[in-house]
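One letter stands for each residue in the lines below.
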Amino acid sequence: MLATAQRLRRRGEFAAAVRGGRRAARGVLVVHVKFPDPENSGRPARAGFVVPRTIGGAVVRNQVKRRLRQLVRERLGQLPTGTDVVVRALPAAARRGYRGLAADLDAALEAARRGKPAPR
RNA sequence: CGAGUCGACCGGGCGGCCGCGUCAGGGUCACGGCCCUGCCGAGGAACGUCCGGGCUCCACAGGGCAGGGUGGUUGUUAACGGCAACCCGGGGUGACCCGCGGGAAAGUGCCACAGAAAACAGACCGCCGCGCCGACGGCGCGGUAAGGGUGAAACGGCGGGGUAAGAGCCCACCAGCAUCCCGGGUGACCGGGAUGGCUCGGUAAACCCCACCUGGAGCAAGGCCAAGAGGGCUGUCGCCGCAAGGCGGUGGCCUGCGCAGGCGGUUGAGGGUUGCCCGCCCGAUGCCUGCGGGUAGGCCGCUAGAGCCUGCCGGCGACGGCAGGCCGAGAUGGAUGGCCGCCGCCUCCCGCGAGGGAGGUACAGGACCCGGCGUACAGGUCGACUCGUCCG
RNA sequence: GGGCCGCUAGCUCAACUGGCAGAGCAGGAGACUUUUAAUCUCCGGGUUCAGGGUUCGAGUCCCUGGCGGCCCA
């Protein structure tokens, strides 16, 4: 999974990442990526997750969140240190399998890295 | 063998690799942390939040009113609106099941339609008597409530006597009511007897009456530390912007601090008694108003408890007592995951068969803790009992 | 954690104290019109969220559950 130091834990951190980052949507996921300011480059890259209640009950939301944490953990090393990522799940994510989530995440991260605007 | 009733319980198992959270030990350190090892790490409902308690803070001389809750009895318990046993009523051939199950002869209200009449007596058709007209029919007065039809419900039922016709008007039996007595039971109540008037509608999950219970808030409770002199939320208007939003003006609310002004010294500003009144109490570093303008972070609370398991004893039972043993989550954008192998279980398909293949494996996750209730749930296990059929 | 609402025709809503579930729009048919629109007439359509209870009788009262929404901390 993902260690505590590698997760966003404050409302302010989420707001900064969503507002100051690039947005890219692919499949059932929306990612916001905020590349590091020079003073932040010392700490590790961090990630946070937004799984709204429209997805399902607590069990379903936890399952989606755990799968996303596992997926992000495998990819966080590829990002520059100090980067903040917020992954937001759409309601269809509950029925998307693990591999489907992986494909969507890779595509969305790649789109955000290229800096292209997300197609709507 | 078939059909069924009740109760108790399980909620996949083993293994590999990569990971997560708390704690403990060790190591390292630039004292922020990092690394290694080990222990532990979601449920029977953790859920819904329908009740009850523990815990914490606030309040509390006392009395009255109001409000809320409960509603057969006796127990059980920390407590309960839960549970157990029993009573009563209803259902079932039965095992068993269901019941907000006090009071309608305290009072008020309501009882649509139909029907003559719907709660207190009265009388539409009818029956009977008398009188009148007079074409065996009608009109008027009186008696009556057996019969008719309506309705969910029509002023006890049946038989006999009685009568002009009838009627508890009288009598016997039955049902029911009230009072009293005897017996049984802690009690709800049950069994029996005597007397009485002959009879009384339903609805309290309508108001109400009676009995009993009932302070308020909730771990965002509450406490400590740090930081700073403000902040948070919001209405509206203008400008910028595609938008999200940003900036500014002007109001409102909440709260800590600073400043200013005012009020106030027992003849007392103001406050408490968290619905109101009487009454009582507190009260001077206090209270009110205006202006200015912060934080929202950490730690404790925080998990050993009405705890769990086993055995014995008491009790019909809920439950209680004793002894021994055990430690079983404490997160805070919130820890149990990802990938894979084998075996279970269920369904379907292929096959004569051994077997093979495909799919599925529920309901659902702590957030202070506990006792209940209610609800969801793939599949399965055990025990006790009932009815029917057949055999002995 | 605490508190409060709603669920009725395809849609938006009524139904006073319990007494035959009803409007507007929408839909269908017809009339008027050269046709359409508008207008007029007629018609169909409901397990009143579900289950249970009280009552002679429940959309209404009571209990349990489901779904949706709102407020406060």
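These notes cover the structure that comes with them. (Residues numbered from 1 in each chain as written. Chains lettered and ligands numbered in written order. Predicted model: local features only at pLDDT ≥ 70, side-chain atom pairs only at ≥ 80, totals over all residues. Heavy atoms only, no water.)

When its secondary structure is counted, chain A shows three helices and four strands. Per-residue burial for chain A yields a buried fraction of 35% across its 120 residues. The contacts of chain A with a sequence gap of at least 6 include a subset with a gap of at least 24, amounting to 81%. Accessible area of chain A: about 6,900 Å², with a carbon and sulfur share of 49%. (Helix = DSSP H or I, 4+ residues; strand = E, 2+ residues; numbered from the N terminus. Buried < 20%, exposed > 50% of the residue type's maximum accessible area, 1.4 Å probe, protein only. Contact = heavy atoms within 4.5 Å. Areas by Shrake-Rupley, 256 points an atom, 1.4 Å probe, with all protein chains shown as cover.)

Evaluated as defined, the whole model comprises one cavity of 30 Å³ or more. Counted as a void, the largest cavity has a volume near 40 Å³. Those elements that place two or more of their residues in the lining of the largest cavity are α2 (58-75), β4 (84-89) and α3 (98-114). Grouping the constituent residues of the lining of the largest cavity by class yields seven nonpolar, no polar and one charged. (1 Å grid on protein atoms, 1.4 Å probe; cavity = no way out; pocket = protein on both sides within 12 Å on 5 of 7 lines; lining within 4 Å. Points joined across faces, edges and corners; volume = space filled by probe spheres on them. Nonpolar A, V, L, I, M, F, W, Y, C, P; charged D, E, K, R; others polar.)

Axis separation between α2 and α3 bottoms out at 10 Å; the angle between their running directions is 45°. Between α2 and α3, the angle falls in the class oblique. The handedness of the crossing between α2 and α3 is right-handed. Seen from α2, the contacting residues are Arg67, Gln70, Leu71, Val72, Glu74 and Arg75; seen from α3, they are Tyr98, Leu101, Ala102, Leu105, Asp106 and Leu109. Counted by class, the contact of α2 with α3 contains seven nonpolar, one polar and four charged residues. (Axes fitted to C-alpha atoms, helices over the stretch in contact; angles between N-to-C directions. Parallel < 35°, antiparallel > 145°, perpendicular 65-115°, else oblique. Left-handed = near helix turned anticlockwise from the far one by under 90°.)

Now for the nonpolar core. Of all hydrophobic cores here, the largest spans 28 residues; its most connected members are Leu29, Val31, Leu68, Val87, Ala89 and Leu105. Counting only elements with at least two residues in this core, the list comes to β2 (29-34), β3 (46-50), α2, β4 and α3. Look past the residues within four positions of leucine 29 in its chain and what remains in contact with it is Ala24, Leu68, Val87, Arg88, Ala89, Leu101, Asp104 and Leu105. (Core = buried A, V, L, I, M, F, W, Y, C linked by side-chain atoms within 4.5 Å.)

The next subject is the sheet that holds β2. What links the strands of a sheet is backbone hydrogen bonding, and the strands pair in either a parallel or an antiparallel sense. In space, the four strands of this open sheet follow the order β1-β2-β4-β3, with mixed pairing throughout. Among the strands making up the open sheet, the edge pair consists of β1 (22-26) and β3. The average undirected angle you get between the axes of adjacent strands in this sheet is 20°. The pairing of β2 with β4 spans six bridges and is classified as antiparallel. Within β4, the position partnered with lysine 34 by the bridge is aspartate 84. Relative to the sheet, α2 contacts β2, β3 and β4, its axis offset from that of β3 by approximately 155°. (Pairing = 2+ DSSP bridges.)

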